[in-house]
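Observations on the model geometry
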Amino acid sequence: MFFLGDYLRESRIMLLHYFSGVGILVSGAIHLVLVFFVGSYEENLSFDGGIFSVIAVYRNFAFAFTLELLLIFVAFHAFNGLRVILIELYQGKKWEMSVNWVLTAIAAFLVIYGTRTVLLARLI
Amino acid sequence: MEISLSVSRSTPKRHFEEFTIPLQKGMTVLDALIYAKENLDHSIAMRYSCRMAVCGSCGMKVNGRPMLACYTQISELKSNRIKVEPLDNCAIIRDLVTDFAEFFSHHKSVHPYLIRNDVKEQDNPVKEFLQKPEEVEKYLQYSYCIKCGLCYSACPTVAADKEFPGPQALAQAYRYIADSRDEGIQKRIDVIDTAHGIARCHFAGTCSSVCPKGIDPAQGIQLLRRYTLSLKR
């Protein structure tokens, strides 16, 4: 979102910010409910084979999809929040552009890395 | 009875000077300052004009709170020690006089006047722009703004972000956008819907609590937000 810079109005970004906040709440709740029903806490936490139990949970499409949504919502919400704080702290076109690009790059990296983890866990 | 008036002075460097003022019934902070200037120290610099909360010239911090000096009676401060300082978020010109250039440039940036698509008709109207009472009600309180800068001075976002237009300018943007005669909504939204615009208001509400005219700029900003989010047109 940040790389669109001047082309995307601030109100649109903030609307997405509010939407992602609600999204975190909803997808986070679904995630917790699915963890409770799909996997067993005892199995997941067990030292012996616990990791496979966690990975097995990722094979459930609904779980993986909700986790992916949660990842996108959290990444957008967190980095946009950080962007708002940083551009309020200092002003200037150069600073603003640097903040936008750096945070977009970090957020994109986190989403790609997280998506890769979700996909790999489904393939194992 | 006497009061101690502590006045912020800017020369040679910022410090406070104490003056003892004989208290009179109904005396305002501005009266006390005028007494000090006339009788104790002619060099005190302050800005004032109407003395009845209409011109908005005598805004200053009184005991730490932005107020109009002419509109604040000493008796209502419930203290014999009064401290007056220049407004925050504005550069100090001298003593209690602050530079309003930035404040007014934000005000001007939101096009604080009626904009009509038909300019010819606006310049030479053939009939009145009629409004229903409920249409006037939507923006009436915001048209009472006297541009005293108290809300601008109290705003924590302005303190951090100088590009933020401030509550006064945003409330004025709402005042004209909400006016049924106006057609300049897009022009104003282009100005306020930026990275340092309306979205940066954290709704601290200090603007509304210090307004001497009882206007609620924080409410205006929230109503304006509906327009920027396209929830209302």
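Note that this is a predicted model, so its numbers are computed, not measured.

Things to note about unusual backbone geometry
If a residue is not glycine, its phi is most likely negative; likewise, a peptide bond is most likely trans. Residue and element names in this part refer to chain B. The amide bond that connects Thr11 to the next residue, Pro12, takes the cis arrangement and shows omega of -5°. Mapped onto the elements, Pro12 comes out in the loop between strand S1 (2–9) and strand S2 (15–22). One non-glycine residue, Asp95, lies in positive phi territory at about 45°. In this fold, Asp95 is placed in the loop between strand S6 (92–94) and strand S7 (97–98).

Digging into the environment of Met60(B)
All names here are of chain B. With respect to the helices, strands and loops of the structure, Met60 is situated in strand S3 (residues 59–62). Owing to a relative accessible area of 1%, Met60 belongs among the buried residues under this scheme. Distance from Met60 to Leu5, taken between C-alpha atoms, is 14 Å for residues 55 residues apart in sequence. Residues contacting Met60, with those up to four places away along its chain left out, are Leu33, Arg65, Pro66, Met67, Ala69, Val84, Glu85, Leu87, Leu96 and Leu150.

Remarks on the interface of chain B and chain A
Listed per partner, the contact involves 19 residues of chain B and 14 residues of chain A. Both faces considered, chain B and chain A share a buried interface measuring about 1,400 Å² in area, 46% of it formed by carbon and sulfur atoms. Among the residues chain B hides against chain A, the three largest losses belong to Asp193(B), Arg200(B) and Leu229(B). Together they make up 37% of the total. Between the two partners, chain B and chain A, sit three salt bridges. The salt bridge partner of Arg200(B) is Glu88(A), with a shortest N-O separation of 3.8 Å. The interface formed by chain B and chain A contains nine residue pairs in polar contact (both at pLDDT 80 or more). For the side of chain B that touches chain A, the secondary-structure elements that each account for two or more residues are helix H7 (156–160), helix H9 (185–192) and helix H11 (217–228) of chain B. Considering each element in turn, the side of chain B that touches chain A owes the most residues, three residues, to H9(B).

Topic: the packing of aromatic side chains
Residue and element names in this part refer to chain B. Under the counting rule described, the total for this entry stands at 10 aromatic pairs over all chains. Plain terms: the ring middles of Phe103 and Phe104 are 5.1 Å apart, the flat faces sit at 70° to each other, and that makes the pair edge-to-face. According to the relative accessible area criterion, Phe103 is buried, its value standing at 2%. Residue Phe104 is classed as partly exposed on the basis of its relative accessible area of 32%. In this structure an aromatic cluster arises from ring pairing among Phe100, Phe103, Phe104 and Tyr152. The cationic tip of Lys83 hangs over the ring face of Phe16; the distance from NZ or CZ to the ring centre is 4.8 Å.

Focus: the sheet that holds strand S5 (residues 81–85) of chain B
Residue and element names in this part refer to chain B. Taken together, the five strands give an open sheet; going across it, the order is S2-S1-S5-S3-S4, and neighbouring strands pair in mixed fashion. The sheet terminates laterally at S2 and strand S4 (65–68), the two strands that pair on one side only. The sheet shows a mean angle of 35° between the axes of neighbouring strands, direction not considered. As judged from the eight bridges shared by S1 and S2, these two strands associate in the antiparallel manner. Paired with Ser8 across the strands is Phe16, a residue of S2.

Notes on the domain arrangement of chain B
All names here are of chain B. Split by domain assignment, chain B resolves into domain 1 (2–98) and domain 2 (101–228). Listed by partner, the interface residues are 15 residues for domain 1 and 17 residues for domain 2. Both faces considered, domain 1 and domain 2 share a buried interface measuring about 1,100 Å² in area, 55% of it formed by carbon and sulfur atoms. At the boundary of domain 1 with domain 2, the tally comes to zero salt bridges.

Reading the values: the criteria
Residues numbered from 1 in each chain as written. Chains lettered and ligands numbered in written order. Predicted model: local features only at pLDDT ≥ 70, side-chain atom pairs only at ≥ 80, totals over all residues. Heavy atoms only, no water. Helix = DSSP H or I, 4+ residues; strand = E, 2+ residues; numbered from the N terminus. Buried < 20%, exposed > 50% of the residue type's maximum accessible area, 1.4 Å probe, protein only. Contact = heavy atoms within 4.5 Å. Buried area = accessible area lost by both parts, 1.4 Å probe. Salt bridge = Lys/Arg side-chain N within 4 Å of Asp/Glu carboxyl O. Polar contact = N/O pair within 3.5 Å; in protein donor to acceptor, adjacent residues only side chain to side chain. Phe/Tyr/Trp six-rings, centres within 6.5 Å; stacked < 30°, edge-to-face > 60°. Lys NZ or Arg CZ within 6 Å of the ring centre and 35° of its normal. Pairing = 2+ DSSP bridges. Axes fitted to C-alpha atoms, helices over the stretch in contact; angles between N-to-C directions. Domains from an automatic or database assignment.

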